[in-house]
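Letter by letter, the chains look like this.
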Amino acid sequence: FRSFRHVMVDEAQDVSPIQARLVRALIGDEGVETRPRLFLVGDEKQSIYGFRGADVRQFRELRELVRQRGGLLLPLSASFRTHRDLVAHTNALFAEVFEGSAVAMEPMTGRPSEPPPGPHLVLTPVAGRSQQWLTEAEAIAQEMRRILDAPPAIWDKRAGTHRPARPGDIALLLRGLGHVHTFEQALDANGVPFATPSGGRFFTRAEVLEI
């Protein structure tokens with residue numbers, strides 16, 4: 001390990017026990033002046049590779065090792081990509097998701113230099129029976145129609161100014177495309193222009209439906 005001055009591990013929340021042993025072997029146990037410096041980047045809330053042996057406890061132990069060796073634990077809570085209003089919605093939503101869990105929810109902050117953004121609409125699809133999807137699709141389509149009938153001013157990053165919202169400023173996010181046709185029908189019935197990414201089931205493709 002004397003060949004290394006620094007060891008950096010990215011996505012450290014997904015290391016396996018074997019990988020954690022390798023990291024410990026690389027940084028060694030000698031004095032502060034001779035052993036490599038360990039730098040970890042990770043978020044235990046994003047540990048998703050348990051199916052291939054990842055164990056978030058390894059990340060916690062390595063993080064504690066950094067602290068014991070006099071290292072700093074720095075939270076990366078500032079988002080430089082997201083508007084403040086959307087960050088506030090995200091914080092509120094995930095505070096409920098993580099309530100009572102073993103993982104602490106650390107709220108983020110948005111860009112302080114961002115011009116005042118327009119309103120954001122946060123939609124949470126409800127999985128269930130066909131009638132539930134129909135009800136939700138209609139409610140979402142009506143909400144989009146209301147936005148387009150009285151478009152709020154939003155910040156156009158390219159133009160560097162505010163302008164009225166357009167259909168292309170609205171995105172509907174779904175877990176999958178299994179029920180996308182239900183939403184397409186509701187949007188079309190409410191006169192909301194839309195574009196669906198290619199993919200999905202064969203018999204719900206626009207060209208197949210036309211035939």
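Residues numbered from 1 in each chain as written. Predicted model: local features only at pLDDT ≥ 70, side-chain atom pairs only at ≥ 80, totals over all residues. Heavy atoms only, no water.

> Can you tell me about the overall build of the protein chain, naming the residues and giving the values?
Per the secondary structure count, the protein chain includes six helices and four strands. In the protein chain, the succession of helices and strands from N to C terminus is β-α-β-α-α-α-β-β-α-α. In the protein chain, the share of contacts with a sequence separation of at least 24, taken over all contacts with a separation of at least 6, comes to 65%. (Helix = DSSP H or I, 4+ residues; strand = E, 2+ residues; numbered from the N terminus. Contact = heavy atoms within 4.5 Å.)

> If you had to explain a nonpolar patch on the surface to someone new, which residues and values would you point to?
Together, Ile-48, Tyr-49 and Phe-51 give the surface a local cluster of nonpolar side chains, amounting to about 360 Å² of exposed area. Position of Phe-51 relative to the elements: it lies in the loop between β2 (37-40) and α2 (56-68). (Patch = residues over 30% accessible without salt bridge, like charges linked within 9 Å, V, L, I, M, F, W, Y side chains within 5 Å. Areas by Shrake-Rupley, 256 points an atom, 1.4 Å probe, with all protein chains shown as cover. Salt bridge = Lys/Arg side-chain N within 4 Å of Asp/Glu carboxyl O.)

> Provide a residue-level description of the packing of aromatic side chains, including the pertinent values.
Per the counting criterion, the structure on display carries three aromatic pairs. Judged by centre distance (5.8 Å) and plane angle (80 degrees), the ring pair of Trp-133 and Phe-183 falls under edge-to-face. With Trp-133 in helix α4 (residues 130-149) and Phe-183 in helix α5 (residues 180-189), this pair connects stretches of sequence that are 50 residues apart. (Phe/Tyr/Trp six-rings, centres within 6.5 Å; stacked < 30°, edge-to-face > 60°.)

> An account of the side chain of Asn-190 is needed here, citing residue identities and associated values.
Within the secondary structure layout, Asn-190 lies in the loop between α5 and α6 (206-210). Using a relative accessible area of 17% as the deciding quantity, one classes Asn-190 as buried. A distance of 3.4 Å separates the side chain of Asn-190 from the side chain of Glu-138, its partner in a polar contact. Aside from chain neighbours lying at most four places away, what touches Asn-190 is Glu-138, Ala-141, Gln-142 and Arg-145. (Buried < 20%, exposed > 50% of the residue type's maximum accessible area, 1.4 Å probe, protein only. Polar contact = N/O pair within 3.5 Å; in protein donor to acceptor, adjacent residues only side chain to side chain.)

> Report on the layout of surface pockets, specifying residues and quantitative values.
When its volume is computed, the largest pocket comes out at roughly 1,500 Å³. If you go around the largest pocket, you meet 42 residues; those closest to its centre are Leu-40, Val-41, Gly-42, Leu-74 and Leu-76. Looking at the lining of the largest pocket, the elements that each hand over two or more residues are β1 (6-9), β2, α2 and α3 (84-97). A total of four residues in the lining of the largest pocket trace back to one element, the largest contributor, which is β2. Tallied by class, residues from the lining of the largest pocket come to 22 nonpolar, ten polar and ten charged. (1 Å grid on protein atoms, 1.4 Å probe; cavity = no way out; pocket = protein on both sides within 12 Å on 5 of 7 lines; lining within 4 Å. Points joined across faces, edges and corners; volume = space filled by probe spheres on them. Nonpolar A, V, L, I, M, F, W, Y, C, P; charged D, E, K, R; others polar.)

So yeah, pure geometry; function would need other evidence.
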